[in-house]
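Read off the chains here:
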Amino acid sequence: WRVLEGKADHLEAQANRLAQEGFTAQALVAGAPSPMLLVARSGWHATRQAAEYRLVGSPDDARLGDLGAQGFRLRDAASSHESVPAALFARALDGGPAPVCDYRAVSLAAPDRLADALAGAAGEGFRVVAGFRASLSRPEWAVLERCDRAPREVRVVLAESAPQLEEGLNRLASEGYAC
């Protein structure tokens, strides 16, 4: 096991360097003082690179829209204690066909318009796969993924407590919605 720490571009470089030595990314650590990535290698002699990684730390990262076409899939997402986001994308290097997905970021800064923003994306087949809380320098934002073109419906539950959230989720589940 190794614990990598730093900004998204630094973590990406370290993860890809260690991948050449047979390490694979396991998880991003949520709530750490700064973004952290856990990597592991199975056995001392594992040297085959199994995957390639990209880390996105901002909704403005221009690579986000191209990652799916390049065969990358979202593997994990987390925010540090200071709300520094990181979304980990991985692409298997086994030569098999990679599913093609589209990714985009959406700002969640206006909760009163959130349902409309997500409904439009859902109508195009996107679903929310990661969300990041606000920091001093950026509003809340989410990563959306589309692996097929089937339109979806979306409902937003805004709650100030766990019981309110549970009530809203159970109400939607009774109507056939899933998280």
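Below is a summary of the structure that appears in this document. Keep in mind that this is a model prediction, so the values were computed, not measured.

The rules behind the values
The residue count restarts for each chain, going from 1 along the sequence in the order it is written. Predicted model: local features are reported for residues with pLDDT of at least 70 only, side-chain atom pairs are reported and counted for 80 or more only, and whole-chain, interface and lining totals are derived from all residues. Side-chain measures were taken over the full set of non-hydrogen atoms in the model, leaving aside hydrogen atoms and water. Only runs of H or I of at least four residues qualify as helices and only runs of E of at least two qualify as strands under DSSP, and these elements are numbered from the N terminus. Three labels apply to residues, based on accessible area from a 1.4 Å probe with only protein chains included: buried if under 20% of the type maximum, exposed if over 50%, partly exposed otherwise in between. Here, residues are in contact when the closest pair of their heavy atoms is within 4.5 Å. Given a helix with a known number of residues, its expected span is that number minus one, times 1.5 Å. Side-chain rings of Phe, Tyr and Trp, where Trp is taken by its six-membered ring, are said to pair if the distance between their centres is within 6.5 Å; with planes under 30 degrees apart they count as stacked, over 60 as edge-to-face, and otherwise as tilted. Two limits define a charge over a ring: the Lys NZ or Arg CZ must be within 6 Å of the ring centre, and within 35 degrees of the ring normal. Just to be clear on terms, a salt bridge is a Lys or Arg side-chain nitrogen sitting within 4 Å of an Asp or Glu carboxyl oxygen. Note on terminology: disulfide denotes any pair of cysteine sulfur atoms within 2.5 Å.

As a further point, take the overall build of the protein chain. The helix and strand inventory of the protein chain stands at 4 helices and 9 strands. Reading the protein chain from its N end, one meets helices and strands in the order β-α-β-β-β-α-β-β-β-α-β-β-α. Looking at the 179 residues of the protein chain, the share that counts as buried comes to 36%. Sequence separation of at least 24 residues holds for 64% of the intrachain contacts in the protein chain that already meet a minimum separation of 6.

Turning our eyes to something else, we now look at helix 1 (residues 8-19). The terminal C-alpha atoms of helix 1, which comprises 12 residues, lie 16 Å apart, in line with the 16 Å expected from a rise of 1.5 Å per residue. Within helix 1, burial applies to A8, L11, E12, Q14, A15, N16, L18 and A19.

Let's shift gears to the environment of N16. For N16, the position within the fold is in helix 1. Here N16 falls in the buried class, since its relative accessible area comes to 15%. For the pair N16 and R54, spaced 38 residues apart in sequence, the C-alpha to C-alpha distance is 8.4 Å. Those residues within four positions of N16 in sequence are excluded, and the remaining contacts are Q49, E52, Y53 and R54.

The next thing to look at is the packing of aromatic side chains. The full count for this structure, using the stated rule, is 2 aromatic pairs. Residue placement shows R104 over the ring face of F126; its charged tip is 4.1 Å from the ring centre.

For the structure on display, the rule yields 10 salt bridges. A salt bridge links R104 to E124; its shortest N-O distance comes to 2.9 Å. Of this pair, R104 sits in strand 7 (residues 102-107) while E124 sits in the loop between helix 3 (111-123) and strand 8 (127-132); the two residues are 20 residues apart in sequence, bridging distant segments of the chain. Its relative accessible area of 31% is what places R104 among the partly exposed residues. Several salt bridges share partner residues, and in doing so they unite E12, D61 and R63 into one network.

Scanning all chains against the criterion turns up 1 disulfide. Disulfide pairing is shown between C101 and C147; the S-S distance is 2.0 Å. Measuring the twist about the S-S bond at about 100 degrees, one finds the C101-C147 disulfide to be right-handed. Linking C101 in the loop between strand 6 (85-92) and strand 7 with C147 in the loop between strand 9 (141-146) and helix 4 (162-174), this pair joins segments that are 46 residues apart in sequence. Overall, the relative accessible area of 1% leaves C101 in the buried class. When its relative accessible area of 36% is taken as the criterion, C147 is described as partly exposed.

Note that every value here comes from positions in space, so none of it alone points to a role or purpose.
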